[in-house]
Amino acid sequence: MENNKYLYSFIMEYDGGCYISQVHADNEHEVIRVWLNQLDVNFIENFSEKDKERLIMEDFIDEDPIPILGCKNIWDIGLRIKKNKMLAIINIVKTMDY
């Protein structure tokens, strides 16, 4: 593990596409911030740097990943990419790091 952090896999469905990436973080609450800060939006249709900056500024104050019932180390979260439009559904999986 990188600096004793866990590896998390992100599977994001957004605007007809599926985007997968991985980041290291201490826990499932911190990992969204880490992922978003590292996310390269250049490869994602209809997702701009401005959208990313707005999400970072919102800081997910009222949002925590929701554990998936019957599964271990898998969470779900929905994010509005375009203000009041365009929902991204994101699955977060705590992944083995070999």
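Bear in mind that the values here come from a model prediction, so they are computed numbers and not experimental data.

Draft legend 1. Expanded view of the overall build of the chain. Helix and strand counts for the chain come out as two helices and five strands. Listing every helix and strand of the chain by position from the N terminus yields β-β-α-α-β-β-β. For the chain, the C-alpha radius of gyration of 13 Å lies close to 13 Å, the compact-globule estimate for 98 residues. Its C-alpha atoms give the chain principal-axis dimensions of roughly 35 × 30 × 25 Å. Taken across its 98 residues, the chain has 34% of its residues classed as buried.

Draft legend 2. Region of interest: the sheet that holds strand β2 (residues 17-25). With respect to topology, five strands assemble into an open sheet ordered β2-β1-β5-β4-β3, the strand pairing being antiparallel. The open sheet is flanked by β2 and β3 (66-67), the only strands paired with a single partner. As paired elements, β3 and strand β4 (residues 74-82) share two bridges and run antiparallel to each other. Bridging from a neighbouring strand, proline 67 pairs with tryptophan 75 of β4. Strands β1 (6-14), β2, β4 and β5 (85-95) of the sheet are contacted by helix α1 (residues 31-38), whose axis makes an angle of about 115 degrees with β2.

Draft legend 3. Quick peek at the pairing of β2. Bridge count for β1 against β2 is nine bridges, and the pairing is antiparallel. The residue of β2 that forms the bridge with leucine 7 is histidine 24. Following β1, the chain reverses through two residues before pairing antiparallel with β2; aspartate 15 in that reversal takes a positive phi of roughly 50 degrees.

Draft legend 4. Region of interest: helix α2 (residues 49-58). Asp51, Lys52, Arg54 and Leu55 are the residues of α2 that are buried. Angular distribution of buried residues about the axis of α2 spans 160 degrees; they occupy a single face of the element. Looking at α2, the residues exposed on the side facing more than 90 degrees away from the buried face are Lys50 and Met57. Here the buried face of α2 lies against α1 and β4.

Draft legend 5. Inspection of the side chain of arginine 54 at higher detail. The residue arginine 54 is located in helix α2 in this model. A residue is classified by how much of its surface remains accessible, and arginine 54, at 19% relative accessible area, is buried. At 2.8 Å, the side chain of arginine 54 forms a polar contact with the backbone oxygen of arginine 80.

Draft legend 6. Quick peek at α1. Among all positions of α1, only Val31, Ile32, Val34, Trp35 and Leu36 are buried. Where α1 is buried, its residues contact β1, β2, α2, β4 and β5.

Draft legend 7. Structural context of the nonpolar core. Within the largest apolar cluster, 24 residues are counted, with the highest numbers of intra-cluster contacts made by Met12, Trp35, Phe47, Ile90 and Ile92. Every element with two or more residues in this core is listed here: β1, β2, α1, β4 and β5. With five residues, α1 is the single largest residue contributor to this core.

Conventions adopted
- Residues numbered from 1 in each chain as written.
- Predicted model: local features only at pLDDT ≥ 70, side-chain atom pairs only at ≥ 80, totals over all residues.
- Heavy atoms only, no water.
- Helix = DSSP H or I, 4+ residues; strand = E, 2+ residues; numbered from the N terminus.
- Rg over C-alpha atoms; globule rule 2.2 N^0.38 Å.
- Buried < 20%, exposed > 50% of the residue type's maximum accessible area, 1.4 Å probe, protein only.
- Pairing = 2+ DSSP bridges.
- Contact = heavy atoms within 4.5 Å.
- Axes fitted to C-alpha atoms, helices over the stretch in contact; angles between N-to-C directions.
- Arc of directions from axis to C-beta.
- Polar contact = N/O pair within 3.5 Å; in protein donor to acceptor, adjacent residues only side chain to side chain.
- Core = buried A, V, L, I, M, F, W, Y, C linked by side-chain atoms within 4.5 Å.

Everything listed here is a matter of geometry and, on its own, says nothing about what the molecule does.
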